Amino acid sequence: MNIFHSLHIEHHIMTVILYVSWGFSFHQQNFSFVFFFFTFQAFEFCSTFNLNCHREAAPFRVFVQLNHEQDIITIQLSSGLVFKIQDQVFTGHQVLSFIIPDHSGQPLTTLLQSIGFVISAFPLVLEVQLLSIQEINNLYTVFLWQTKQIHSFPVVINSSLPSSRRELARFASVQGLECIAPLVKTVEETPEPVTADITGEIPSWINGSLLRNGPGKFEFGNQRYNHWFDGMALLHQFKVENGTVKYKSKFLQSDSFKINSEHNRIVVSEFGTLAMPDPCKNVFQRFVSRFEMPKPSDNSNVHCVKYMGDYYVSTETNYMHKVDPETLASMEKVDWSKFVAVNGATAHPHYDPNGTSYNMGNSYSRQGTRYNIIRIPPQKTNDSDTLQGAQIICSIPPQDGAKPSYYHSFGMTENYVVFIEQPIKLNLLEIITAKMRGKCISDGIKWEPDHETVIHVASKQTGQLIPVKYYAKPLAVFHQINAFEDQGCIVLDLCFSDDGGALNNFTIQNLHKSGQALDEMYNTTARTLPRRFVLPLDVDSSTATGQNLNTLPYSSATAVKRDDRKVFVSHEDLHLDDLVEAGGLELPQINYDKYNTKKYRYFYGCGFGHLVGDSLLKMDIETKEMKMWKEPGFYPSEPVFVPAPNATEEDEGVILSAVVTPQQEKNTFLLVLDAKSFTELGRAAVPVKMPYGFHGVFASSKQ
């Protein structure tokens, strides 16, 4: 007999859940799982009570003792087994904990009014459901019968089952990569402007600021973050004016940053790091804190974006921060959920020419999980407005409500929003119970290549999904390049890989590797490549099956109707073999203001010959040829296109990129490339160290 135990404190009521597996071992074909649920009042003194539970004709007795003074919880079965909880550890067995919600809205049992009360006729009858090992390995359901009503709860067991390490696929055979550990280490902010040393020439017509965002602090006290995505947001500004450049940086004054700084430890959990209980609390309080729902972090370290004329730094939770693009000061914390019913939003909005913004965010409610398309007005009504007027124009149900897809961005054409539901899955149960199981959020995100990719298309005008669904092979996408409509089709360009397991590769430990270990990590990380899908819009019951519906003469992508309203699409590569040799491409950018949602020819990105970008690339879609800027020992950030004044050609302008280095004797610099020839015009070096960041934007001083 195995017993699993968890505690949950809410409104001064302590809930104890005992899980008992009965009669079979995990090594046999079937086993049964039984739940016993009861509640009792929490007092500040030693508390003891007995509980008689009946399973068919075989009752057994559970004795529970709470000793708050000694911080000990004792559980004794009638068989004589005794388990003590002390210092948050069960003695003598493995712990597997879940909190199961009560969907009826009523307590599952009668609250014990006095400690020591013995229940002789327990009103909760629990039914045993036999399951196969295969069902245990996957998602299974345990039926709980209370007051003649059956409630179904999904439960996942991973830690108790044998697991085999997935055979790692190899995508390259690179050797001798440079250690980049200094690019993922804490740096000091530079709040006062530093004048850059100019080499070459910075065009005098560039007037504005390159704003960059990314992690810049990876520990508090002696506690360190586990994942690259967890570091505290550090905002950077390269201010360009009349051929001169000045640099400064400031840490975002988020609540997470301030409370972590105040306590000199990690208090707020992040994507890949679980905050430990307060060491100043007693043992019992620290144990109980495991079962408090974690609050989302407001560490907005991903992007700099614009809504209704104001600049914000954002991540993927429901919080973002308004910032002053001139001073980098943190001005206001904004909660998406105060304006629309979403639990977060992406850091990659899209914009119509009139300034109307679009974004996407998930919601989790009694109606189920939904992917929501959000529209934000172009202008404020009052100076104090943030997201006033935002509205959800379309809600998309996922293929699996318990496992919606993770997404980092979406596509948009003149008339449609294009959403890719990929098989990188959010296991909601694992995420909700992560803290009590001692896990971080990232452990609940899994690549499930047994599922196809589904592409949804919604009208921006009506908010309705078109009736056609597009299916593709399993793919992992973070960034779209562009999308446009042509001859009754949507052309969708994006960067994706064939393996979605790389998300958890970007731990601090992995990024600090060197030598053969670093080479192995890189060689087993899938390459991300630019590719194109063509989605025919006019598909109905009369459309022929088994035929390629793509009639665009310039694309070899295919779209074949499988059955009614289902079209399987295959991609076209937007590159030649030399891009594969360069490590693939990510962080794509275009001449957004003039060519977003329109047919275009050029895009730019970082070549990934390392775990971070080690080159800058210009891609020609028509010829599929590329141009490259690369300098050994330097790692450029996402390229940002700035159009030249009165430009008449798509690539008439410059590319700006912040280039960093792990070599202590060399400096960070702002690189300026001519976008047409992709040759260097100038660089502006500053004697500061910058970590490798994520995204940025150019804020023109003329705006």
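Nothing here was measured: the structure is a model prediction, and the numbers come from that model. (Residues numbered from 1 in each chain as written. Predicted model: local features only at pLDDT ≥ 70, side-chain atom pairs only at ≥ 80, totals over all residues. Heavy atoms only, no water.)

A. Highlighting the overall build of the protein chain. When helices and strands are counted, the protein chain shows eight helices and 49 strands. Going through the 703 residues of the protein chain one by one, you find that 56% of them count as buried. A separation of at least 24 residues holds for 61% of the contacts in the protein chain among residues at least 6 apart in sequence. Carbon and sulfur atoms make up 49% of the accessible area of the protein chain, which totals about 30300 Å². (Helix = DSSP H or I, 4+ residues; strand = E, 2+ residues; numbered from the N terminus. Buried < 20%, exposed > 50% of the residue type's maximum accessible area, 1.4 Å probe, protein only. Contact = heavy atoms within 4.5 Å. Areas by Shrake-Rupley, 256 points an atom, 1.4 Å probe, with all protein chains shown as cover.)

B. Spotlight on the sheet that holds strand E35 (residues 489-497). Pairing is antiparallel across the open sheet formed by four strands, whose spatial order is E34-E35-E36-E39. Among the strands making up the open sheet, the edge pair consists of strand E34 (476-486) and strand E39 (572-573). Across two bridges, strand E36 (residues 529-536) lies against E39 in antiparallel orientation. When the sheet's bridge partners are listed, Arg531 is paired in E39 with Asp573. (Pairing = 2+ DSSP bridges.)

C. Spatial organisation of the packing of aromatic side chains. Taken as a whole, this structure holds 22 aromatic pairs when the rule is applied. Judged by centre distance (5.7 Å) and plane angle (40°), the ring pair of Phe229 and Phe271 falls under tilted. Remark: Phe271 occurs in the loop between helix H2 (255-263) and helix H3 (283-289) and Phe229 occurs in the loop between strand E17 (223-224) and strand E18 (232-241); sequence separation between them is 42 residues. Assessed through its relative accessible area of 18%, Phe271 is described here as buried. In this structure an aromatic cluster arises from ring pairing among Trp228, Phe229, Phe271, Phe506, Tyr692 and Phe694. Its guanidinium or amino end placed over the ring of Tyr554, Lys599 lies 4.0 Å from that ring's centre, counting from NZ or CZ. Looking at Arg683, its charged tip hangs above the ring of Phe669, at a distance of 4.1 Å from the centre. (Phe/Tyr/Trp six-rings, centres within 6.5 Å; stacked < 30°, edge-to-face > 60°. Lys NZ or Arg CZ within 6 Å of the ring centre and 35° of its normal.)

D. Focus on H2. Considered for burial, the residues of H2 that qualify are Ser256, Phe257 and Asn260. Burial along H2 is one-sided: seen end-on, the buried residues are contained in an arc of 100°. Buried residues in H2 make contact with strand E15 (208-217), strand E16 (219-220), E18 and strand E19 (244-251). Following H2 by one or two positions, Asn264 has its phi on the positive side, about 55°. (Arc of directions from axis to C-beta.)

E. Structural detail: helix H6 (residues 515-523). Taken together, the buried positions of H6 are occupied by Leu518, Asp519, Met521, Tyr522 and Asn523. Against the buried residues of H6 lie helix H5 (508-511).

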